Amino acid sequence: MAAVDLSLTEGPPRFEALDGTGVFPITEQYAAQCGYTINTELSLHRVELRASYFSCHTRNKDDEVFTFYFNVIVMHEGIEMTHTFNRTCSPALPWASREVVCEENYMEVSVRSDVVCPTRSLMGDLDSVKMAYASATSDWQVMFQRELKPMNLTQAHDRQYAFDLTDGRLVFRTPYGQPDSISTTVNGVPVEVVHATLLSRQSWVVLMVDLVAACSMYEGSYDDTGYIVWEAPEVPHPLLNDLHGTQIRIGIKGELFKLQDAEQMGYFVEKANNTVQVSIAYDAEGGSRKSYVAGGLHEYYTFHLHLEQTSEDADTELHVHRTLTTALLPYHVFTRNNTVLEEKLFKVHLGDFPEDVQLVSVQLNGRQFKLPLANTSSFSVSMTEHNNTHGYTLQVAFDDPVVNQQFSKEDSAIHHSLDINYTLVVLPENDSFHHFTSVLALTDVSPPVFTGACSESGVSFKLKHRPFDFLWYVSVGDEALTSELASQYSYTMSNDSSSLQISVPLFTQGYEYKNVTLDGFFGTFEILVRNVETAEVASSTVKTCHFTPKEFIMCSTDGWMTAAADLPFNIPRVGTPPGHHLVDRFCTPKEANNTRTLFSFPLNSCGSTVKLRKEYVTYENKVFYGQESGLMKPAASLRMTLQCTYPLEGLKRLFSTYKFQSDVVGVGHIVHSDNPAAGSEHSVAKPTAAAPLITRPVKYSYAPQYIKMSNYLQSISKKGKWL
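Remember, predicted model here, so these are calculated numbers, not experimental data.

A. Local environment of the sheet that holds strand β41 (residues 492-495). Spatial ordering of the open sheet is given by β37-β38-β42-β41, a layout of four strands whose pairing is antiparallel. Each end of this open sheet is capped by a strand with a single partner; those strands are β37 (451-455) and β41. Mean inter-strand twist for the sheet, computed between neighbouring axes without regard to direction, equals 15°.

Dropping the structure here:
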């Protein structure tokens, strides 16, 4: 046997036999006549050539050493190339008296040339003997049982029969389906028989040699049990009746095994009703399988059966070589949905496939992705191997952009759906086929959640959009966050198809401050998500940051002014600056050092003044430095103006001794004045362009008294007078 790897050639190779007389192409007809068999195994990507020891051009030495010379012609990169090989072999066991070979494309029988036929066998067919004697010549002739008309060997050769006389054996070979063949049934099994008689007459003696080849023509059967079955009569012809009770061995990859050993490899032999039945499991050793695309994925299994049947006296041996192939069997392609709801992750397993099937691309909701996936892909496809098969696992997160998401009012859930169309190919042909599946997962509706981040100037929030976010709206406190509200409160808001981003500057509406000192303070801002139908709070995102501005003023909604400011440059810098106070000299700093000072006081205290205008009310106080310390004269004392301005329409209360309440924080100013006019220490300093504009509510507790001031506000706002 010789094999050629098809992966190294372009198209099937050609073979030629060589001997001392020339080169002989091994065509299909020539192979059957001369003892060659060519087998193409697509599943193994190879072509196999088998040659009989008695093939036409094999060099035979004493029927013990056989040498075969041959050429292999292949195409490589468009160039035809010829390679010459030779092989020398010897049979492992001595020849039996009679050897019958049932190859795939021919029958062959050889007998020892020194065997004397028993007289009883001739007496059973005297008519044949008489005809043979009457027509025999000194030259060898052949007579076929079907015609009983002798012909010389040249005529027989023209009919594609081959006869050969070696040193010790007489060989006869014939292709299947010859006119002299007989097709019959033995024990329910189809059999082809060729019975040839070689004869020669020397004087009154006629030498007759019976050469009988009988082979089972059963092609094999298969069912859904996973076995392919081949049958043969135990005795295919009466002249081979010594095959009763024979020993049987199974050949696997060129080696013969006893039945108990062959069973472990998946080959099972039974004898029943004078019939030999061989059952081969699809996964038996020595077999092969091949995938095939025909309106979907199919497969077929191929086995090269080699069966040896030996008579009890070892006088006759029958060798059978058959290629058994199933029809195209549908291959069940399946997907298994292993989706993990807790992880919000689609996990779909596709498989399992044999080695010659490969996944090349996957289509998700109409979008095509080739394999291997790019490193930037948001989902993954991994391969898993098991028992010479492999499968593929696709993982896609529910929130991946490729997944369709839709809110269902019927079950109040989000439907995550994914249509998957796999494209696979069968190698090496690259024939493609598709497998489609859909997966659906339901998750409870969850409100959106912002992510927050701190900066020196404030807090920012970001929200990734989801298709069902329309079920909620965003608010700051009780007010819905709209572009108009963001503009009113000086928020910066951007909203595109992918996300909503909000930047909230420090001291704007909505902050809450704690631990306010000269070293800084903690500012907290909260974003609320509310149900669009009930306005109930569904989720909130709270972000607290530590801020350290050098100078700031806070005008709270509950009527407190808190300010930290730099001291003038010409104030002494040693120790705590003495003599700092507001208009009311008893209102001193809450905290101070040699460079900065911190005041916190109710708007209506410490000598503050209030001025009403048509749309705003302004509270003002002043900080005086060093007047009582003796460091400078009163006329030259320094002062700083603190202002908080509120819109009138947002005020709930206005007071001098009663509780203050506003919808929004006030706008604060810190105005530094180095050289005020003498005697004008209670006048309002005009804010400079560099004065910071700072807003923010601060909550402090004290015992308030409430009074309704709406009529009073209306009257004094028209006059625009000072209180």
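From this point, the discussion proceeds with the structure in view.
B. A look at the sheet that holds strand β29 (residues 345-353). Across the sheet, which stays open at both edges, the four strands sit in the order β28-β29-β33-β32 with antiparallel pairing between neighbours. Either end of the sheet is taken by a strand with one partner, and the two such strands are β28 (334-337) and β32 (380-386). Across this sheet, the average inter-strand angle for adjacent strands is 25°, counted without regard to direction. With four bridges connecting them, β28 and β29 associate as antiparallel partners. Across the sheet, T335 pairs through a bridge with L350, a residue of β29.

C. View of the state of the cysteines. Inspection of the entire model under this criterion finds five disulfides. Through a disulfide, C34 is tied to C56; the S-S separation comes to 2.2 Å. Between C34 and C56 the disulfide shows an S-S torsion of about -90°. By sign, it is left-handed. Of this pair, C34 sits in helix α1 (residues 28-34) while C56 sits in the loop between β5 (46-51) and β6 (59-61), and the two are 22 residues apart along the sequence. Paired by a disulfide, C102 and C215 hold their sulfur atoms 2.0 Å apart. Sign of the S-S torsion, about -90° for the bond between C102 and C215, identifies this disulfide as left-handed. Of this pair, C102 sits in strand β9 (residues 98-102) while C215 sits in strand β17 (residues 205-216); the two residues are 113 residues apart in sequence, bridging distant segments of the chain. Given the relative accessible area of 1%, C102 is considered buried. Shown here for the protein is a disulfide pattern of 1-2, 3-4, 5-6, 7-10, 8-9, where each number marks a bonded cysteine counted in sequence order.

D. Representation of the packing of aromatic side chains. Considering all chains together, one arrives at 32 aromatic pairs under this definition. Both rings, one in F163 and one in F172, keep their centres 4.8 Å apart while their planes meet at 20°; by these two values the pair is stacked. Classification of F172 by relative accessible area gives buried; the value is 0%. Their ring planes at 50° and their centres at 5.8 Å tell us that F507 and F521 sit as a pair that is tilted. With F507 in the loop between β42 (499-505) and β43 (511-517) and F521 in strand β44 (residues 520-531), this residue pair connects regions lying 14 residues apart in the sequence. Of the two residues examined, F507 and F521, each falls in the buried class. Through a chain of ring-to-ring contacts, three or more aromatic side chains come together here, namely F450, F461, Y489, Y491, F507, Y511, Y513, F521, F525, F547 and F552.

E. Summary view of the side chain of S608. Relative to the helices and strands, S608 resides in the loop between β49 (596-602) and β50 (609-612). Of note is the side chain of S608, whose polar atom sits 3.0 Å from the backbone oxygen of L603. Within the structure, the side chain of S608 is placed 2.8 Å from the backbone oxygen of S605, a separation counted as a polar contact. In this structure, S608 is in contact with F601, P602, L603, E620 and N621, ignoring residues within four places of it in sequence.

F. Structural context of unusual backbone geometry. In this structure, D352 follows G351 across a cis peptide bond, with omega equal to -15°. Relative to the elements of secondary structure, D352 occurs in strand β29. A cis geometry characterises the amide bond from L371 onward to P372, with omega recorded as 0°. Counting through the fold element by element, P372 comes out in the loop between β31 (367-370) and β32.

G. View of the environment of E512. Structurally, E512 can be placed in strand β43. In this structure the C-alpha to C-alpha distance between E512 and S556, which are 44 residues apart in sequence, comes to 9.4 Å.

H. Structural view of the nonpolar core. One finds F172, L211, I250, Y267, V278 and I280 to be the most contacted residues of the largest nonpolar core, which totals 54 residues. Ranked by residues supplied to this core, first place goes to β17 with six residues. Setting aside its immediate chain neighbours within four residues, Y267 contacts I250, I252, A262, S279, I280, A284, E285, G286, G287 and F303. Grouped together as the second largest cluster of nonpolar side chains are 35 residues, L485, Y511, Y513 and M554 included.

I. The pairing of β5, seen in detail. Note: strand β1 (residues 2-5) against β5, four bridges, orientation antiparallel. Each residue of the ladder has a partner; that of A2, found in β5, is L49. As judged from the six bridges shared by strand β4 (residues 36-41) and β5, these two strands associate in the antiparallel manner. Bridging across to β5, T40 finds its partner in V47. Between β4 and β5, which pair antiparallel one after the other, the connecting turn spans four residues, and H45 there sits at a positive phi close to 60°.

J. Seen up close, the side chain of Q309. Note on placement: Q309 falls in strand β25 (residues 297-310). Residue classification places Q309 among the buried residues on the basis of a relative accessible area of 2%. Among the polar contacts made by the side chain of Q309, one reaches the main-chain carbonyl oxygen of E234 at a distance of 2.8 Å. Not counting residues up to four positions away in its chain, the partners in contact with Q309 are E234, L243, T246, Q247, I248, T316, E317 and L318.

Rules of the game
Residues numbered from 1 in each chain as written. Predicted model: local features only at pLDDT ≥ 70, side-chain atom pairs only at ≥ 80, totals over all residues. Heavy atoms only, no water. Pairing = 2+ DSSP bridges. Helix = DSSP H or I, 4+ residues; strand = E, 2+ residues; numbered from the N terminus. Axes fitted to C-alpha atoms, helices over the stretch in contact; angles between N-to-C directions. Disulfide = S-S within 2.5 Å. Buried < 20%, exposed > 50% of the residue type's maximum accessible area, 1.4 Å probe, protein only. Phe/Tyr/Trp six-rings, centres within 6.5 Å; stacked < 30°, edge-to-face > 60°. Polar contact = N/O pair within 3.5 Å; in protein donor to acceptor, adjacent residues only side chain to side chain. Contact = heavy atoms within 4.5 Å. Core = buried A, V, L, I, M, F, W, Y, C linked by side-chain atoms within 4.5 Å.

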